[in-house]
Amino acid sequence: MPTVGRVSFEPVEGAAELFTPAFCDYLTHMHDAFAPRVATARSERADAARSARADLRLPASPERSAINTEPWQVPPVPADLRKPGIEITGPVSITPMFINALNPGPEGSRAEGDLDDDEDSAGHRLVDTVRAAHNRMRAVEGGLAYHDAERDRDYAVAEGTLPFFMHRERGLHLDEPEVRIDGAPISAAILGTALTLFHAGRAQAEAGQGIYFYLPKMESAAEAAFWRDFFAESQAFVAHLRDAVIRAIPLIESLPAVYEMEEMLHALGPYAAGLNAARWDLKASILEFVMADPEMVWPDRFGVDIKTTDFLSDIFRRLVAVCLKHGAVAVGGMATALPSRDEEVNAAAAASIRADKEWEAAQGFTRAWVAHIYHMGTAAAPFKELSDAGWRPSAEMADPERYPIAIKRPEGEVTLEGTRRNLRTLIEYVEGWLGGRGAKGIDSLAGRPGLHPALMEDLATARISVAQTAQRIVHAAPDAETGEAHGMALVKRMLLAEEEDIVARLEEPDEGTRERYRHAAKVTMHWIKSYTEFDFRSLGSYTRDDLAAIAAAPDAIPDAIPGALPDAV
């Protein structure tokens, strides 16, 4: 491993250009100052999770204080972050996808913002993070281009004003084993944020742009204070950041964060800009916190809609209220549908996206996210139309106390078909992960009748899929129609059947593809079994060597009991 001072790193392509002596001095300084606080945050998270499992105790709101009762406002939010419309998101490390995201969609216009993601849609390898850093710099500097030799196709950023950039790095729960300080892996969050601030941040500061971050997997006001201090220390240490505009938006995607939204916004201090309403990750976090409670087994996740599930709607309305109360911006959730060759499918997807974004706009969200440029116009229109019409949220919508937090079991049925769809999603997603991709187009209803577009799924979807499957095994949840109980053997039979069906539908798969799907099934078994043991370790925390060892080991779930699959599946 090349070494610069106390920093050593794997020699992946492009890394040496980034790990300069000046950058390594900065990285080492930030590691020394903030690594102990990362360890504290992880310990506090573990304590909360243990309490939920042992005592069935959910998190709670902090005692009311001046934060809740006295008037205060976040610093003036930059004009670009107040734009109504849409942000397009995808892995910044996959250069052609990043270029496409920065370009106009079919209607000829660009997204308002670009969420250049190195978190849930990324591959979680150092090569991804390094490529992300280079792509961000080149996009700001105007030199980003790519030639796909296999397809003999060139990609280039079109002329015109680009969307503003929202950088998303990995969360505080992950390390980067391919970068070490004094021989120990560095926090992935410290590494990624430092790379962006030092390199792309320089280009953005020189271009007069604000440097904006989404902060994923946040759980508390103390963690928001961590980021406040991280940004402040970076500005003190790095000359080109001293006069830069840095703003951050926490993602509300963990259950503990739901109870501290106002406190988190306050704790960010001069760097606060707003809050984002995550969806799949939030549902997954809730499932992890209620995993031990037999009264909280959720119905099929596909029917748990934010718009029609009252307690989830109120969480999002509370988020908006906190932002309105304090002059911040509220950003909504993701539209994940991908374009299809079938225009009926596209029309159905557009209608669903339109209804979803109309609801978000009416709740007071300023923008939301979309996964593909094909649907940008459809997703952006409700926010723009409501703003252009002069609609403004009412005073009542700015009162968080109107929307109390009450975690409940959603209405709906537990079905083996819902579990089957979870398993198909997991196999497909893990196969993509093993191939280096953190986002993949997946149709969990492939081969079923009806109109159903493929969805661009990232790690959040895999996380809720594994959490829901594990919860059903833990509590032997019965199928609503047949009464058959979920168990390890049944889930394994279903999993292997889905793997076989997926491969059978591929056009002339080579042996490497077949092997990757076999390995994906084995990794999925391991992940599900870990969750049934209340080990909620992220897929992103496994190295590729870890995953190869899992694939080579005996199945984590013992051999299935012989027997046919249930008719419902």
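What you see is a predicted model; the values in this text were computed from it and never measured.

Definitions and limits used
Per chain, residues are indexed from 1 in the order of the written sequence. It should be noted that, the model being predicted, local features are given only for residues of pLDDT at least 70 and side-chain atom pairs only at 80 or more, the latter also being counted only at that level, while totals for whole chains, interfaces and linings use all residues. With hydrogens and water stripped out, all remaining heavy atoms of the structure feed into the side-chain values. Note on conventions: DSSP H or I runs of at least 4 residues are helices, E runs of at least 2 residues are strands, and numbering of each starts at the N terminus. Atoms counted for the radius of gyration: C-alpha only. Globule rule: 2.2 Å times the number of residues to the power 0.38. Three exposure classes are used, based on accessible area relative to the maximum for each residue type with a 1.4 Å probe and protein chains only: buried under 20%, partly exposed in between, and exposed over 50%. By definition, residues are in contact when any of their heavy atoms lie within 4.5 Å. All accessibility values rest on the Shrake-Rupley procedure with a 1.4 Å probe; residue burial counts only the protein chains present in the view. In this tally, Lys and Arg are treated as positive and Asp and Glu as negative; His is ignored, and so are the chain termini. Where a charge sits is defined by one atom per residue type, namely NZ (Lys), CZ (Arg), CG (Asp) or CD (Glu). Axis definition: a line fit to C-alpha positions, over the contact stretch in the case of helices; interaxial angles, taken between N-to-C directions, run 0 to 180 degrees. Comment on the angle field: the value is read as roughly parallel under 35 degrees, roughly antiparallel over 145, roughly perpendicular from 65 to 115, and oblique elsewhere. Here a crossing is called left-handed whenever its near helix is offset anticlockwise from the far helix by less than a right angle, and right-handed whenever the offset is clockwise. We call two strands paired when DSSP finds no fewer than two bridges between them. Within 6.5 Å between ring centres, the rings of Phe, Tyr and Trp (the latter by its six-membered ring) count as paired, and their orientation is classed by plane angle as stacked under 30 degrees, edge-to-face over 60, tilted in between. Whether a charge lies above a ring is judged from NZ of Lys or CZ of Arg, which has to be within 6 Å of the ring centre and within 35 degrees of the ring normal. The path from the first strand over the helix to the second decides the hand: if it runs clockwise while the strands point away from the viewer, the crossover is right-handed. By definition here, a helix of n residues has an expected span of 1.5 Å times n minus one.

Asks: I'd like a description of the overall build of the protein, backed by residues and values.
Replies: Tallying secondary structure elements over the protein gives 18 helices and 16 strands in all. Over its C-alpha trace the protein gives a radius of gyration of 23 Å, about what one expects of a compact globule, namely 25 Å for 569 residues. Residues counted as buried form 57% of the 569 residues belonging to the protein. Of the contacts formed within the protein by residues at least 6 apart in sequence, a portion of 80% connects residues at least 24 apart. With the model as given, the accessible surface of the protein reaches about 22,000 Å², and the carbon-plus-sulfur share is 50%. Both charge centroids of the protein, one from 59 positive and one from 88 negative side chains, sit 1 Å from each other.

Asks: Break down the environment of leucine 56 for me, with residues and values.
Replies: Mapped onto the elements, leucine 56 comes out in the loop between helix 2 (21-55) and helix 3 (66-69). Taking the C-alpha atoms as reference points, leucine 56 and alanine 556, separated by 500 residues in sequence, lie 27 Å from one another.

Asks: Can you lay out the packing of helix 14 (residues 416-434) against helix 15 (residues 459-474) for me, pointing to particular residues and giving the numbers?
Replies: Between helix 14 and helix 15, the least distance of the axes is 9 Å, while the angle of their chain directions is 135°. One finds that helix 14 runs oblique with respect to helix 15. Helix 15 is crossed by helix 14, and the crossing has left-handed handedness. In contact with Gly418, Thr419, Asn422, Leu423, Thr425, Leu426, Tyr429 and Trp433 of helix 14, helix 15 contributes Leu459, Thr461, Ala462, Ser465, Val466, Gln468, Thr469 and Arg472.

Asks: With reference to specific residues and values, describe the sheet that holds strand 8 (residues 175-181).
Replies: Taken in spatial order, the four strands line up as 1-2-8-9 in an open sheet, and their pairing is antiparallel. With one partner strand each, in any of the chains shown, strand 1 (3-4) and strand 9 (184-187) form the two edges of the open sheet. The pairing of strand 8 with strand 9 spans four bridges and is antiparallel. Paired with arginine 180 across the two strands is proline 185, which belongs to strand 9. Strands in contact with helix 2 are strand 1, strand 2 (7-9), strand 8 and strand 9; relative to strand 8, the strand with the most contacts, it is inclined by about 125°.

Asks: So what's going on with the packing of aromatic side chains? Which residues, and what values?
Replies: Evaluation of the coordinates by the stated rule reveals 25 aromatic pairs. Between tryptophan 298 and phenylalanine 311, the aromatic rings sit 6.3 Å apart at their centres with planes inclined by 80°, giving edge-to-face as the arrangement. With tryptophan 298 in the loop between helix 10 (280-290) and helix 11 (310-325) and phenylalanine 311 in helix 11, the pair connects residues that are 13 residues apart, well separated along the chain. With a relative accessible area of 0%, tryptophan 298 lands in the buried category. In this structure phenylalanine 311 comes out as buried when scored by relative accessible area, which is 8%. Linked through ring pairs, Phe34, Phe213, Phe226, Trp227, Phe230, Phe231 and Tyr271 together constitute an aromatic cluster. Sitting over the ring of phenylalanine 302, arginine 421 keeps its end group 3.7 Å from the ring centre.

Asks: I'd like a description of the pairing of strand 10 (residues 211-215), backed by residues and values.
Replies: Across the five residues of strand 10, five count as buried, placing the element largely inside the fold. What you see with strand 10 is no split at all: Ile211, Phe213 and Leu215 on one side and Tyr212 and Tyr214 on the other are buried throughout. Pairing of strand 7 (residues 164-168) with strand 10, which is carried by three bridges, proceeds in the parallel orientation. Opposite histidine 167, over in strand 10, you have phenylalanine 213 as the bridge partner. One ladder, built from five bridges, connects strand 10 with strand 11 (residues 246-252); its direction is parallel. Its bridge partner being in strand 11, isoleucine 211 is matched across the sheet by isoleucine 246. What joins strand 10 to strand 11 is helix 7 (residues 221-237), and the crossover it makes is right-handed.

Asks: Give a description of helix 14 that names residues and reports values.
Replies: With 19 residues, helix 14 should cover 27 Å at 1.5 Å per step; its first-to-last C-alpha distance of 27 Å lies within 8% of that length. Of all 19 residues that make up helix 14, 17 are buried, and the element is covered over most of its length. After helix 14 finishes, the residue glycine 436 shows a positive phi value of roughly 95°.

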